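Geometric and topological summary
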Amino acid sequence: MIAGGDSPPDTSATLVPLPRAFFDRPVLDVAPELLGQVLVRTTDEGPVELRITEVEAYAGEADPGSHAYRGRTERNASMFGPPGHAYVYFIYGMWWSLNLVCGPEGHASGVLLRGGEIRRGQEQARRRRPKARKDTELAKGPARLATALDVDRTLNGTDLCTPDDTAPLSVFAGDPADESAIKSGPRTGVGGEGAHHPWRFWIADDPTVSPYRPHQPRRRRS
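Please read all numbers here as calculations on a predicted model, not as lab measurements.

Calculation notes
Residues numbered from 1 in each chain as written. Predicted model: local features only at pLDDT ≥ 70, side-chain atom pairs only at ≥ 80, totals over all residues. Heavy atoms only, no water. Helix = DSSP H or I, 4+ residues; strand = E, 2+ residues; numbered from the N terminus. Buried < 20%, exposed > 50% of the residue type's maximum accessible area, 1.4 Å probe, protein only. Contact = heavy atoms within 4.5 Å. Areas by Shrake-Rupley, 256 points an atom, 1.4 Å probe, with all protein chains shown as cover. Phe/Tyr/Trp six-rings, centres within 6.5 Å; stacked < 30°, edge-to-face > 60°. Lys NZ or Arg CZ within 6 Å of the ring centre and 35° of its normal. Patch = residues over 30% accessible without salt bridge, like charges linked within 9 Å, V, L, I, M, F, W, Y side chains within 5 Å. Salt bridge = Lys/Arg side-chain N within 4 Å of Asp/Glu carboxyl O. Polar contact = N/O pair within 3.5 Å; in protein donor to acceptor, adjacent residues only side chain to side chain. pLDDT = per-residue confidence, 0-100. Core = buried A, V, L, I, M, F, W, Y, C linked by side-chain atoms within 4.5 Å. Pairing = 2+ DSSP bridges.

A few words now on the overall build of the protein chain. Helix and strand counts for the protein chain stand at four helices and nine strands. Going through the 222 residues of the protein chain one by one, you find that 49% of them count as buried. Summarising the internal contacts of the protein chain: among those between residues at least 6 apart in sequence, 64% fall at separations of at least 24. Accessible surface, the protein chain: about 11300 Å² in total, of which carbon and sulfur atoms supply 51%.

Written as structure tokens, this is what we have:
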């Protein structure tokens, strides 16, 4: 049986949207400062509130690990801005991933949301993630996070900085992680020249942070 209990009190009325200027900065400044901030996903079922605990930074054309390393395409166009919007992509033919675009418009960079604590709307998340054994696993990893929040390609390009409480995706000021609790290391599953960039950031000892896995080259079937 999944662990849980009653949802925390509704705090949405007190949340303050992060300004676009927060995202209009270098990706390596934005990424660690997103830890502890709050993402709210609103559907017809109501809002789901997630405290961000794990992220990865991708620096566009300067980053061999980024989708935008070889330039702009139809798929990655949202990465080129404006800042404070969502970039959503499909991976491995199975899963969606949610990124927050940052940096000046025209310069592709973004922060992948890898893990978070669902603070409100757990019932919705459990229905979407029935295989989760406990609440700390609901959004533990980028595919699980996107599934728990009902994120798909229709949200690509969504403005994250609107104060409208009916917006499908918004990012609010939360309780930023203490600098002493923030850890960094190589990004999960990134190979090649970008494998060793210490651009994954997480809150130490938080149970919603996903395990690190190095890149494993795919083997072709004979």
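All right, on to the packing of aromatic side chains then. In total, this model carries three aromatic pairs according to the counting rule given. Judged by centre distance (5.4 Å) and plane angle (35 degrees), the ring pair of Tyr-87 and Tyr-89 falls under tilted. Here Tyr-87 and Tyr-89 have matching classes, each one buried. Relative to Trp-96, the ring of Phe-90 lies with its centre 4.6 Å away and its plane at 40 degrees, an arrangement referred to as tilted. Cation over ring: Arg-25 sits above Phe-22, and NZ or CZ is 4.8 Å from the ring centre.

Right, let's talk about a nonpolar patch on the surface for a bit. Taken together, the side chains of Tyr-92, Met-94 and Trp-95 present a nonpolar region at the surface, about 370 Å² in accessible area. One can find Met-94 in the loop between strand E4 (86-91) and strand E5 (95-101).

This next bit is on the side chain of Gln-37. Inspection of the secondary structure assignment puts Gln-37 in the loop between helix H2 (27-33) and strand E2 (38-43). Separated by 2.8 Å, the side chain of Gln-37 and the backbone nitrogen of Gly-174 make a polar contact. Residues contacting Gln-37, with those up to four places away along its chain left out, are Leu-18, Phe-22, Leu-50, Arg-51, Ile-52, Phe-172, Ala-173, Gly-174 and Pro-176.

Our focus in this paragraph is the confidence of the model for the protein chain. When pLDDT is averaged across the protein chain, the result is 88; 89% of the residues are at 70 or more. Low pLDDT, under 50, characterises residues 1-9; the predicted model gives this stretch 21 contacts beyond four residues in sequence or across chains.

Right, let's get into the nonpolar core. In terms of nonpolar packing, the biggest core is built from 41 residues, with Phe-23, Leu-34, Val-55 and Leu-98 touching the most fellow members. In contact with Leu-34, not counting residues within four places along its chain, are Phe-22, Phe-23, Ile-52, Val-55, Leu-100 and Val-111. Of all hydrophobic cores here, the second largest spans nine residues; its members include Tyr-58, Phe-80, Leu-112 and Val-190.

Here we come to the pattern of salt bridges. Side-chain pairs of opposite charge can arise whenever the charged atoms involved come near each other. Throughout the structure, instances matching the rule amount to 13 salt bridges. Here Asp-150 ties to Arg-41 by a salt bridge, and the two come within 3.8 Å at their closest N and O atoms. Here the residue Asp-150 occupies a position in the loop between helix H4 (142-148) and strand E7 (169-173), and Arg-41 occupies one in strand E2, the gap between them amounting to 109 residues. Between Arg-133 and Glu-137 there is a salt bridge whose closest N-O contact spans 2.7 Å.

Moving on, we come to the pairing of strand E6 (residues 110-120). Most of E6 is tucked away: nine of the 11 residues are buried. When strand E3 (residues 46-58) meets E6, the two strands line up antiparallel, connected through nine bridges. Its bridge partner being in E6, Ala-57 is matched across the sheet by Val-111. The pairing of E5 with E6 spans three bridges and is classified as antiparallel.

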